[in-house]
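Residue-level listing of the chains:
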Amino acid sequence: MTPRTVIVGGGLAGLAAGVRLADRGIAVQMLESRDALGGRASSVVDPATGRLIDNCQHVAMGCCSAYRGFCDRLGVGDKFRWTTQQWWHEKDGRVSVLKSVPGLGPLHSGWSFARSAFLTSAEKLAVARAFSKFVRWKDESLKARTFGDVLDELRQPAGAIEKFWRPVIVSACNIQPELCVASLAVKVFRDGIMPSAHAASVGVPTVPLRELYDASIGIIERAGGSVRTKARVFHVEQDGVRAHIDGDEQTLEADAVICATPPEVTADLLAASDPRVDALRSIEHSPILGVHLEFDRPALETPHAVLLERGTHWLFRKDDEGRRLHAVISAADEWMPMKGLDIVDRVVEDVRAVLPAARDAELVWSRAIKERRATFAATPAFEQTRVANTSDDAGVILAGCYTDTGWPATMEGAVRSGERAAAIAAERLAAVPTG
């Protein structure tokens, strides 16, 4: 009998696991509760316009080798717009351009950083001293400390924290520096920004997220597997799952089970005796807010904009003209109680404050999308209890960016976790007698 594999969850981690197993010639049954794949990195149809819009703007970086490889495997690696520049907008509208120059290694953006206007000379020098510390820092105690503590230790000025460290960490880790575990924050700079211009480059999908991942279905099916959406799994064990499929309760037996659902869902699916359940239930979340805007005329000339010392953190241009924008607010706890129209008004105020072209523009369409459980809250408490893909040699295999990848809550972390889960599953399947 051919060994059987079930993957629960069709988000990035589950898809990465399914594609990796399919490439090994292993057939998998994938069960996804929603009507589309991609999980939190997905798209919805706007009822007012009929457009397929992303729940929030997801971006990749050059350092995201696993995610980029996954997209290349799906044949969508060319569906990204890559830039080596960032446009930082101050409160008064002044713009500084940080540009990475290939071939300069860790100094790839040093020249443009030195010439930037949003930091004082003393603040730039303090940031440079911190960077020199990060290069060699391998201190295990960083997992028990916050990045705010590190910034205090490194005597970072308030201006540098508010105009540089905070924007980067909130964007990359979706949590304030005072709460963020230092190990992940330092990784962002050491592995994502400092190594090279390639590592620090920013890639933005040019198509809705849903269109990026549908090719996974064909890869899985060509290996003899199947993908079922609207399949509600209600219990997961190491030898199978129980689920409602097409209205019927079914038991699917398996030799390897990968559970690639969000941690709070996974905790409910696993047996209560699983030693990872308590850690999964203790995970706290950090929200993200995505706000789609359309103006009656071009408002943003550059591919994106970083907004300093404002409630809105990033703006992304969603069309060639710059009429359609996607605003992102990370660590958006204070925004969650707000109503949609109030959110839009506040974001538009920020947009008009920093983009002169938007001041006389009329807003013709908007949509605010709240992701209350967008990512795990990357605190020291979380990092010290972060769960592994497996608790023993026989348990349910877990996959998701929350597992012990060493990465923040990113698409890269999700793909790495899924591929690691696939490797574990393949080892188990190889030990199953066939015949």
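Heads up: the structure comes first, above all this text.
What comes next is a walk through the structure.

An ideal rise of 1.5 Å per residue puts 28 Å on 20 residues; helix 15 (residues 411–430) measures up with 29 Å between its terminal C-alpha atoms. Across the 20 residues of helix 15, 16 count as buried, placing the element largely inside the fold.

In this section: the pattern of salt bridges. Scanning all chains against the criterion turns up 23 salt bridges. Between Glu-123 and Lys-163 there is a salt bridge, with its nearest N and O atoms 3.5 Å apart. Of this pair, Glu-123 sits in helix 4 (residues 121–136) while Lys-163 sits in helix 6 (residues 158–173), and the two are 40 residues apart along the sequence. Take Glu-123 and Lys-163: they sit in the same class, and that class is buried. The partner of Arg-281 in a salt bridge is Asp-268, with the nearest N and O atoms 2.9 Å apart. Of this pair, Arg-281 sits in helix 12 (residues 277–281) while Asp-268 sits in helix 11 (residues 263–269), and the two are 13 residues apart along the sequence. Take Arg-281 and Asp-268: they sit in the same class, and that class is exposed. One continuous salt-bridge network, built from bridges that share partners, spans Arg-51, Glu-294, Glu-321 and Arg-323.

Attention now moves to the sheet that holds strand 20 (residues 397–398). Strands pair in a sheet through their backbones, by hydrogen bonds, and they do so in one of two ways: parallel or antiparallel. Pairing is parallel across the open sheet formed by five strands, whose spatial order is 10-2-1-14-20. At either margin of the open sheet sits one strand with a lone partner, and together these are strand 10 (226–228) and strand 20. As defined by bridge partners, strand 2 (residues 28–31) adjoins strand 10 across three bridges and the pair is classed as parallel. Residue Leu-31 lies in a different strand from strand 10, and its bridge partner there is Arg-228. Along the sheet, helix 1 (residues 12–23) makes contact with strand 1 (5–8), strand 2 and strand 14 (256–259), crossing strand 1 at roughly 160 degrees.

Judged by nonpolar contacts, the single largest core of 119 residues is most densely connected at Tyr-67, Phe-134, Phe-147, Phe-164, Trp-165, Phe-189 and Tyr-213. Of the residues forming this core, the biggest block, nine residues, is contributed by helix 15. The contact partners of Phe-134, leaving out residues within four places of it in the chain, are Phe-147, Val-150, Leu-154, Trp-165, Val-186, Phe-189, Arg-190 and Met-194.

If a residue is not glycine, its phi is most likely negative; likewise, a peptide bond is most likely trans. One non-glycine residue, Asn-174, lies in the positive phi region at around 60 degrees. Note that Asn-174 resides in the loop between helix 6 and helix 7 (182–193). Look at Ala-331: it is not a glycine, yet its phi comes out positive at around 45 degrees. Structurally, Ala-331 can be placed in the loop between strand 18 (324–330) and helix 13 (340–354). Residue classification places Ala-331 among the buried residues on the basis of a relative accessible area of 12%.

A word on the packing of helix 6 against helix 7. At a minimum axis separation of 10 Å, helix 6 and helix 7 run at an interaxial angle of 95 degrees. Considering their axes alone, helix 6 and helix 7 lie roughly perpendicular with respect to each other. Of the residues in helix 7, those in contact with Phe-164, Trp-165, Val-168, Ile-169, Ala-172 and Cys-173 of helix 6 are Leu-184, Ala-185, Val-188, Phe-189 and Ile-193.

The rules behind these values
- Residues numbered from 1 in each chain as written.
- Predicted model: local features only at pLDDT ≥ 70, side-chain atom pairs only at ≥ 80, totals over all residues.
- Heavy atoms only, no water.
- Helix = DSSP H or I, 4+ residues; strand = E, 2+ residues; numbered from the N terminus.
- Expected span 1.5 Å × (residues − 1).
- Buried < 20%, exposed > 50% of the residue type's maximum accessible area, 1.4 Å probe, protein only.
- Salt bridge = Lys/Arg side-chain N within 4 Å of Asp/Glu carboxyl O.
- Pairing = 2+ DSSP bridges.
- Contact = heavy atoms within 4.5 Å.
- Axes fitted to C-alpha atoms, helices over the stretch in contact; angles between N-to-C directions.
- Core = buried A, V, L, I, M, F, W, Y, C linked by side-chain atoms within 4.5 Å.
- Parallel < 35°, antiparallel > 145°, perpendicular 65-115°, else oblique.

Purely geometric stuff here, so don't read any function into it on its own.
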